[in-house]
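So the chains spell out like this:
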Amino acid sequence: MELDNNKSKVKVVVSGIIPFFFIILMMAYIFGPGAGLLDFGVALPEITIEKVDFIESEIQATIRNTGPIPVEIAMADVNDRIQPSAIEPDRFLERYETALVRIPFEWNEAEPYAIGITVEDGTRFEKQIEAAAPALEPTLDLAIFFAIIGTYVGIIPVMIGLLWLPFIKKINKSKYHFFLALTVGLLLFLGIDSIEEAIEVSKENLADVFNGILLVATVTALSFLGLYYAGEKLLKKSESSRLTKPVAIALMISIGIGLHNFGEGLAIGAAVGIGSIAFSTFLIVGFALHNTTEGIAIAAPMSRERKVIGKLAIMGMIAGSPAIFGAWVGGFVYSPFSSVVFLSIGAGAIFQVIIIILNMIRVECNNNLSSAAVVSGISVGMVVMYLTGILI
Amino acid sequence: MIPVFMIFAFYFIFSEGISAQQEDQTFVTHTGAVVKTSGEVLDPVYQVSEVEFDPDKYLREFNYGRVSTLENGQTLREFTIIAEDDRVQEISPGVFYNVWTFNGTVPGPTLRATEGDLLKINFINNGSKEHTMHFHGIHPAEMDGVFEIVGGNGGRFTYEFEAGPAGVHPYHCHVMPLEEHISHGLYGVFIVDPKEGRPAADEMVMVLNGFDTDFDTENNFYAANTIPFYYQHHPIQINKDELIRVYVVNMVEFDPINNLHLHGNLYQYYPTGTDIIPSEFTDMITLSQTERGIMEFKYQYPGKYLFHAHKVEFSEKGWVGIFLVKDNIGIKE
Ligand SMILES: [Cu+2]
């Protein structure tokens, strides 16, 4: 009996190991010395100019080795005219390593520039800048300015939206479901908007090697799954604690919207950072307007609660204040990679909240999501977002 | 959530400021400003680089061949030219390019003869591709180097013709795709002196060329004699009041024109060098592909004088140099 047991254990272990053996064999066949199966030809160097800053009498380019092999930087140019320059820390870049290229140059404000970097095999890489504008220095004044902008774009509109709470409180159940569904519509639009924004940023500023669209898909899915898991835990906990289910849901909505607003802050900060004042004003007005609807999204699930003012204030802050941090990051240290990641996390968070709210409606409506209130709510939510969205 | 964002924000803001201090290096910009850096200098202009090809040597080196006299009294000049296409040369500091060469250099050697000399050019193609030598000038059809393709890995051909007419001519490979063979470097200068000779002078050759290092049919570098900015960093030393004769040949591909502007002076210009009367007294001529000529001038005042393409793009990508005029030392009258 004992012997049999051991024997079967060995069998299990061996049967688990055998496939590994074949995997190693296969890899050795494909990649091993003398394997002629894979011939990718010549590995070409590739660098990406991720960021260009215009400071006094100098243009600074942040570059990254985004190719499959180490590269050596040979030269920098402005508008295809060779310029003596400096590279810090040094000219040798391993894969994904970054360096700062400092090009002394008397640039003119608002003029377009093309910044070029040539590597050792003579290949030149270029980035076009539409209009040169002095790089923002992280001064306290500017930080305060961004904080005020963030407050106007994030916190205040959300708080205004929350003022609809008393109205939502007074309406009947199907109208309440309409407003919950309206929230779903609003969020659905925001989620798609975030993904679109993330893809756009990745297309314009991210090296191909990061595979922008798949990065967005991966981060969105992971953030959705992670938050979904955490959200379910939070809901379970809410059953046995002071935290009620609607509050838990509203909290999740706030977090999702907060991540989204962080992305909006990034966009505003970056727009100010690259000096397109008209565009940033446009963004500020547009975001501020449509963010009032985010307040409704938070308020709707809370409408059957009592003594909510304090909680709502906190949630308003959670949803709105990230716009401030986004503006700081976007304005002072914009990085296309981090903004794509943040926007994707925001999208995942929003989709998770949508699922939670739909669940909530389904439970309340006896497993029925096809009521007129729900369908019209989602539709109106999306249309409202679209209409406020085209103001941006 | 907020603290998390704050940590992120602070990380992004302050992480760049944390880097080790290294010994500072300095360099000079185009406008003369001195810039300090903790990193490395990327400087194609001012850095002394150990380039394989020596523009100083090339400038005043003329290859007259192995000279003998035939029974009829005619001078015979024999040259051996070997083509290769596997060389990788640093053509600007830090930039490496596959050059195709005649006798190991771009441009190939400056061949020089007198009008009426019999030339025998033993051409050996040690490259991996087919190459030829096509001389501008007057010669029989079968010596033209167009249809007489010379195979690689040791193919041979002997070009035999009489030198003429007097002037400065280019020679280059004439295998298709032609632009590829020329822009990789298979060209050189062929000078035919008139029988009566030219007045004594400090003579030099300038081949205006460029390199398309990323193969987008636009030149990334321009130069007089291959190395961008070389004569700006190593001025060409000449004597005050001495006659200077420059044989200029434009071998730039991809761009319709090139030109040469001389500072603080004007030159007598002899287009193609075929006439003994200059066409112009000017400080600026414009040359199309393989247009060439002879420039003669003297400097009255010592000092540094720029010469460059007045197509400023070319000069800012390397085609710029300096004559350093010295005060009457070792002048040959
Ligand atoms: Cu050839």
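Note that the coordinates shown come from a computational prediction; the quantities given were computed from them, not determined experimentally. (Residues numbered from 1 in each chain as written. Chains lettered and ligands numbered in written order. Predicted model: local features only at pLDDT ≥ 70, side-chain atom pairs only at ≥ 80, totals over all residues. Heavy atoms only, no water.)

### Structural notes on the UniProt feature "binding site: Cu cation 2" (unreviewed entry) in chain B
Residues and elements named next belong to chain B.
Link 1 in the chain: As recorded in UniProt, the feature "binding site: Cu cation 2" (unreviewed entry) lies at Cys173.
Link 2 in the chain: Looking at the secondary structure, you find cysteine 173 in the loop between strand E11 (167–172) and helix H3 (178–183).
Link 3 in the chain: Contact partners of cysteine 173, with chain neighbours within four places excluded, come to Phe102, His131, Thr132, Leu178, His181, Ile182 and Leu186. (UniProt positions renumbered as here; feature names shortened; annotations may be inferred. Helix = DSSP H or I, 4+ residues; strand = E, 2+ residues; numbered from the N terminus. Contact = heavy atoms within 4.5 Å.)

### Considerations on the UniProt feature "binding site: Cu cation 1" (unreviewed entry) in chain B
Residue and element names in this part refer to chain B.
Link 1 in the chain: Sites flagged by UniProt as "binding site: Cu cation 1" (unreviewed entry) map to His131, His136, His172 and His181.
Link 2 in the chain: Counting through the fold element by element, histidine 131 comes out in the loop between strand E8 (118–125) and strand E9 (134–135).
Link 3 in the chain: Among the residues examined, histidine 131 registers a relative accessible area of 0% and is labelled buried.
Link 4 in the chain: Those residues in contact with histidine 131, other than ones at most four positions away along the chain, are Ala83, Asp85, Trp100, Phe123, Asn125, Val150, Cys173, Val175, His181 and Leu186.
Link 5 in the chain: Among the structural elements, histidine 136 can be located in the loop between E9 and strand E10 (155–162).
Link 6 in the chain: Under the relative-accessibility criterion, histidine 136 is labelled buried at 18%.
Link 7 in the chain: With residues near it in sequence (within four places) discarded, histidine 136 still touches His169, Pro170, His172, Phe190, Thr290 and Arg292. (Buried < 20%, exposed > 50% of the residue type's maximum accessible area, 1.4 Å probe, protein only.)

### What to know about the domain arrangement of chain A
Residues and elements named next belong to chain A.
Link 1 in the chain: Considered domain by domain, chain A is made up of domain 1 (47–129) and domain 2 (140–389).
Link 2 in the chain: Once you take the C-alpha centre of each, domain 1 and domain 2 turn out to be 37 Å apart.
Link 3 in the chain: Both sides of the domain 1 and domain 2 interface together cover about 590 Å² of buried area, and 59% of this is carbon and sulfur.
Link 4 in the chain: Viewed at the interface, domain 2 and domain 1 are joined by zero salt bridges.
Link 5 in the chain: Examining the composition of the side of domain 1 that touches domain 2, we find that three residues originate from one element, strand E1 (residues 47–55), more than from any other.
Link 6 in the chain: Here the residues of the side of domain 1 that touches domain 2 are counted per class, giving one nonpolar, two polar and four charged. (Domains from an automatic or database assignment. Buried area = accessible area lost by both parts, 1.4 Å probe. Salt bridge = Lys/Arg side-chain N within 4 Å of Asp/Glu carboxyl O. Nonpolar A, V, L, I, M, F, W, Y, C, P; charged D, E, K, R; others polar.)

### Regarding the confidence of the model for chain A
Link 1 in the chain: In the predicted model, chain A carries a mean pLDDT of 80, and the fraction of residues at 70 or more is 89%.
Link 2 in the chain: Confidence scores differ between elements of chain A, with helix H7 (residues 277–302) of chain A showing the lowest mean pLDDT of 70 and strand E8 (residues 113–119) of chain A the highest of 93. (pLDDT = per-residue confidence, 0-100.)

### Describing the nonpolar core
Link 1 in the chain: Among the nonpolar cores identified, the biggest contains 59 residues, and B:Met204, B:Met206, B:Ile236, B:Trp319 and B:Phe323 are the most heavily contacted of them.
Link 2 in the chain: At six residues, the largest contribution of residues to this core is made by strand E13 (residues 202–211) of chain B.
Link 3 in the chain: The residues contacting B:Met206, other than those within four sequence positions of it, are B:Leu59, B:Ala224, B:Asn225, B:Ile236, B:Val246, B:Tyr247, B:Val248, B:Val249, B:Phe307 and B:Phe323.
Link 4 in the chain: Grouped together as the second largest cluster of nonpolar side chains are 45 residues, A:Ala181, A:Ile257, A:Leu312 and A:Ile357 included. (Core = buried A, V, L, I, M, F, W, Y, C linked by side-chain atoms within 4.5 Å.)

### Digging into the sheet that holds strand E5 (residues 85–88) of chain A
Hydrogen bonds between backbone groups are what pair the strands of a sheet, and the pairing can be parallel or antiparallel.
Link 1 in the chain: The strand order across the open sheet built from five strands is E1(A)-E2(A)-E7(A)-E5(A)-E3(B), with neighbouring strands paired in antiparallel fashion. Each edge of the open sheet carries a strand with a single partner, namely E1 of chain A together with strand E3 (40–42) of chain B. Each strand axis lies, on average, 25° off the axis of its neighbour in the sheet, ignoring direction. (Pairing = 2+ DSSP bridges. Axes fitted to C-alpha atoms, helices over the stretch in contact; angles between N-to-C directions.)

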